[in-house]
Amino acid sequence: MEEGQTVEIQETREPLREQGSIRALLELLEQQGMEQEKGDVLRMADYIDSMETQLGTVLKELGEVKNQLSVMQESKTKRFAVNTIQKVEHQVETLRSQVGEWKRKFVERAEQAVFDLKEKGKDAHISIIPDGVSVMVKKPE
């Protein structure tokens, strides 16, 4: 990415909890009396959406810093700062891409969970946490 060039921030799709397959899963979990599991799904959906939003904010702020640097007189400090920002932007973009992939897998697994719950009811073993996601979701106290 060249100096002065900003990162285009893509608008994200609708929040996970509002996507059809997630809503269907939440409704089915509620019908089955699986309130804890419903809460887990909601917390994970909100967590993933929050990560995506935060990474978007970081990219926007890095772009603003780069714009501010563009008016700065050329110097070693400026080159170092611009190079550092570009490296950080690349890392944040990579993380944001991974979060996008987690969202996609989360939706896919929600669809599978809906199918499994309809087939087997409460006895269905469902796991909708995407591979590679290692998080601890704390219940509110």
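Up top is the structure.
Residues numbered from 1 in each chain as written. Predicted model: local features only at pLDDT ≥ 70, side-chain atom pairs only at ≥ 80, totals over all residues. Heavy atoms only, no water.

## Things to note about the side chain of Q19
Inference 1: With respect to the helices and strands, the residue Q19 is situated in the segment before α1 (20-31).
Inference 2: Exposure remark for Q19: the relative accessible area of 8% places this residue in the buried category.
Inference 3: At 3.3 Å, the side chain of Q19 and the backbone oxygen of E14 are in polar contact. (Helix = DSSP H or I, 4+ residues; strand = E, 2+ residues; numbered from the N terminus. Buried < 20%, exposed > 50% of the residue type's maximum accessible area, 1.4 Å probe, protein only. Polar contact = N/O pair within 3.5 Å; in protein donor to acceptor, adjacent residues only side chain to side chain.)

## Focus on the pattern of salt bridges
Inference 1: All chains considered together, the criterion is met by 10 salt bridges.
Inference 2: K103 serves as the salt-bridge partner of D49, at 3.2 Å between the closest nitrogen and oxygen. With D49 in helix α2 (residues 35-70) and K103 in helix α3 (residues 76-120), this pair connects stretches of sequence that are 54 residues apart.
Inference 3: With a closest N to O distance of 2.8 Å, E52 and K103 form a salt bridge. One end of the pair, E52, is in helix α2; the other, K103, is in helix α3, and 51 residues separate them in sequence.
Inference 4: Note on E52: relative accessible area 10%, which makes it buried. (Salt bridge = Lys/Arg side-chain N within 4 Å of Asp/Glu carboxyl O.)

## Some points on the nonpolar core
Inference 1: Core analysis: the largest hydrophobic core is formed by 28 residues, its most contacted members being L25, V41, I48 and F106.
Inference 2: Of all the secondary-structure elements, those providing two or more residues to this core are α1, α2 and α3.
Inference 3: Per-element accounting of this core gives the leading share, 11 residues, to α3. (Core = buried A, V, L, I, M, F, W, Y, C linked by side-chain atoms within 4.5 Å.)

## Quick look at the packing of α1 against α2
Inference 1: Relative orientation of the contacting elements α1 and α2 amounts to 160°, with a least axis distance of 8 Å. On the basis of their axis angle, the class for α1 and α2 is roughly antiparallel. Of the two possible hands of crossing, α1 and α2 adopt the one that is left-handed. In contact with I22, L25, L26, L29 and E30 of α1, α2 contributes E35, E37, K38, V41 and L42.
Inference 2: When the residues that make up the contact of α1 with α2 are grouped by side-chain class, the tally is six nonpolar, no polar and four charged. (Axes fitted to C-alpha atoms, helices over the stretch in contact; angles between N-to-C directions. Parallel < 35°, antiparallel > 145°, perpendicular 65-115°, else oblique. Left-handed = near helix turned anticlockwise from the far one by under 90°. Contact = heavy atoms within 4.5 Å. Nonpolar A, V, L, I, M, F, W, Y, C, P; charged D, E, K, R; others polar.)

## Here we look at α1
Inference 1: Over its 12 residues, α1 runs 16 Å from end to end, which matches the ideal 16 Å to within 8%, given 1.5 Å per residue.
Inference 2: The set of residues buried in α1 consists of S21, I22, L25, L26, L28 and L29. Here the buried residues of α1 occupy an arc of 165° about the axis, which is enough to place them on one side. Opposite the buried face of α1, by more than 90 degrees, sit the exposed residues E27 and Q31.
Inference 3: In this structure, the buried residues of α1 make contact with α2 and α3.
Inference 4: With its phi angle positive at about 70°, G33 sits one or two positions after the end of α1. (Expected span 1.5 Å × (residues − 1). Arc of directions from axis to C-beta.)

Read these as geometric descriptors, not functional statements.
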